[in-house]
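Architecture and fold: a report
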Amino acid sequence: MDVQTTDPEYVDRVKSLLGDDGYQQAFADIEEASGLPNTAYWSNEWLSLEQERVFRRSWVFAGAEAEIPAAGDIKPVDIGGAPLIIVRDRNGIVRGFHNVCRHRGAKLVQEKCNRSYITCPYHAWNYELNGNLRARPHFHGPGKMDKFENGGGEKVDLIPVRVETWNGCIFVNVSGNAEPVEDWLSPLTNRTSSYDYSSIRWAGKLDFEIRSNWKLVYENYMEGYHVFSVHPKLLKFAPMNLRGSGEWDRHVFYNDYVFPEADEGRGSGLPHYPGLPEKDAQRGLWFLCFPHFAAEVYPDQFTILVSYPIAPDLTREELHVFLIGEAATSNAYQKERKSVLKMWDDLTREDIGMLELLQQGRLSPAYDGGRLSPHWEAPTHQFGRRIIEKIVAA
Ligand code: FES
Ligand SMILES: [Fe+2]
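Thresholds, definitions, all that
Residues numbered from 1 in each chain as written. Chains lettered and ligands numbered in written order. Predicted model: local features only at pLDDT ≥ 70, side-chain atom pairs only at ≥ 80, totals over all residues. Helix = DSSP H or I, 4+ residues; strand = E, 2+ residues; numbered from the N terminus. Rg over C-alpha atoms; globule rule 2.2 N^0.38 Å. Contact = placed C-beta atoms within 7 Å. Buried ≥ 20, exposed ≤ 12 C-beta atoms within 10 Å, placed from the backbone. Pairing = 2+ DSSP bridges. Expected span 1.5 Å × (residues − 1). Axes fitted to C-alpha atoms, helices over the stretch in contact; angles between N-to-C directions. Left-handed = near helix turned anticlockwise from the far one by under 90°.

Within the protein chain, the secondary structure is distributed over ten helices and 20 strands. For a compact globule of 394 residues, the expected C-alpha radius of gyration is about 21 Å, and the protein chain comes in at 23 Å, within 12% of that figure. Judged by the C-alpha coordinates and their principal axes, the protein chain covers about 75 × 55 × 35 Å. Across the protein chain, contacts joining residues at least 24 apart in sequence account for 65% of those joining residues at least 6 apart.

Structural data, given as structure tokens:
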């Protein structure tokens, strides 16, 4: 285990759910290790631990800035089991709040919308886009309007949540004490310093609902082993002898390859990052910034894969594609843009079929976490270990 202080209460809770063996295997050598026990994929109690200890204490991707381009745009999101809203205020600043009224606790915003003010559907308390309480109708009796110039104070204004943006991406940290986003992303940005991320623009997103546990999405994402049998097109594009198994640099998994020939959807037909060196023109890199921000970097794109747990066996996955400059929006690149989205859609669906089988297989009382390939699956094994480490970390 990394040197860190652990909270004994959470060590006990993890051990009581996974069993001593299930806990210990996470710290064993890959030759001896297995995957996480079935409980980690089916238990509500385990998912609550992940929400509270992993998602709320980390940076979580909450969407693209381009999804809320105008002042007053509001997007509700659930992060770590907490209902939140992401708001673009009157000054264009992206803010986050808990999506709950300070009166009786009604959920304020149910779907994406544009508002000048946020009005609670229950007794009509009215909030500014900066979270300040603005008015409480009839609070002191019929017809009596309780008004506020600069908010009503910390007991009645909306409760803010920490938000940072990075090149059009919005991140949320519910606990408020994660390191700055720029530092958290540095293992990714340091490895891609020749890519000018200020040039990326949001080109669209794909949404999937998957009947599997959210962790399986990333365990699958990290190992190339399944490409042999699951992804015939990808196999042709990047033959397996060009691939390594990747590794972790602190909290960031990374891997890369050089592909022999650019293809539609990856490197051909769309503008590349400005000033990208020739050596990177046929290179693909992929990252997972723990716990859930996966990014694939190709010469013509920055594609994000994020999954959000809904239930132990239900996951919402989003793929956000960023292209370079006008390629993201101009009509001239419509066809190529479609190809990129289609490529990701096809690939993701190939994976989803397997993810659902993995979830079903974990109903088997005979399955003990399995045997892992020391060549391909050490990073996947480490992902499970990181989940445990984050849950028990003080
Ligand atoms: S719960 Fe929101 S105004 Fe009463
Ligand atoms: Fe895959």
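Still to come is the rest of the account.
Let us look at the environment of P187. By secondary structure assignment, the location of P187 is in helix α5 (residues 186–191). Here P187 is in contact with D249, R250, V252 and Y254, once residues within four sequence places are set aside.

Here the focus is unusual backbone geometry. Of the consecutive residues F290 and P291, the connecting peptide bond is found in the cis state with omega at 10°. Relative to the helices and strands, P291 resides in the loop between β17 (283–289) and β18 (293–298). Even without being glycine, N167 reaches a positive phi, approximately 45°. Residue position: N167 is located in the loop between β10 (160–166) and β11 (169–173). Classification of N167 by C-beta neighbours within 10 Å gives partly exposed; the count is 17. Although it is not a glycine, R250 adopts a positive phi angle of roughly 50°. By secondary structure assignment, the location of R250 is in the loop between β13 (247–249) and β14 (252–258). In this structure R250 comes out as exposed when scored by C-beta crowding, with 11 C-beta atoms within 10 Å.

Read from one edge of the open sheet, seven strands run β1-β11-β10-β4-β3-β2-β5, paired in antiparallel fashion. Only two strands of the sheet have a single partner each, and these edge strands are β1 (60–64) and β5 (113–114). Alignment of β10 against β11, held across five bridges, turns out to be antiparallel. Across the sheet, the residue bridging to R162 is N173, located in β11.

Here we come to the environment of G244. With respect to the secondary-structure elements, G244 resides in the loop between α8 (232–237) and β13. Linking G244 and S194, residues 50 residues apart in sequence, is a C-alpha distance of 22 Å.

The next point concerns helix α10 (residues 378–392). Along an α-helix, a turn takes 3.6 residues, which lines up residues three or four apart on a common side. For α10, built from 15 residues, the straight-helix expectation of 21 Å at 1.5 Å per residue is met to within 8% by its first-to-last C-alpha distance of 21 Å. Burial of α10 is extensive: twelve of the 15 residues sit out of reach of the surface. Turning to α10, its buried residues number three or more, namely A378, P379, T380, H381, F383, G384, I387, I388, E389, K390, I391 and V392. Buried-residue contacts for α10 involve α1 (8–25), α3 (44–55), α6 (214–222), β13 and β14.

In this section: the pairing of β1. Across the five residues of β1, five count as buried, placing the element largely inside the fold. As judged from the four bridges shared by β1 and β11, these two strands associate in the antiparallel manner. What sits directly across from V60, in β11, is V172.

A few words on the sheet that holds strand β20 (residues 314–324). Pairing within the open sheet is antiparallel, and its seven strands lie in the order β12-β20-β19-β18-β17-β14-β13. The open sheet has two edge strands with one neighbour each: β12 (200–210) and β13. Here the average twist between neighbouring strands, direction ignored, is 20°. Alignment of β13 against β14, held across three bridges, turns out to be antiparallel. For E247, the partnering residue across the bridge sits in β14 and is Y254. Together, β12, β19 (301–311) and β20 form the strand contacts of helix α9 (residues 334–361), whose direction differs from that of β12 by roughly 25°.

Examined against the element boundaries, A366 turns out to sit in the loop between α9 and α10. Taking the C-alpha atoms as reference points, A366 and A82, 284 residues apart in sequence, are found 35 Å from one another.

A few words now on the packing of α6 against α10. Between α6 and α10, whose axes approach to 8 Å, the crossing angle comes to 145°. Crossing hand, α6 versus α10: right-handed. Here K215, Y218, E219 and M222 of α6 lie close against α10, whose contacting residues are P379, T380, F383 and I387.

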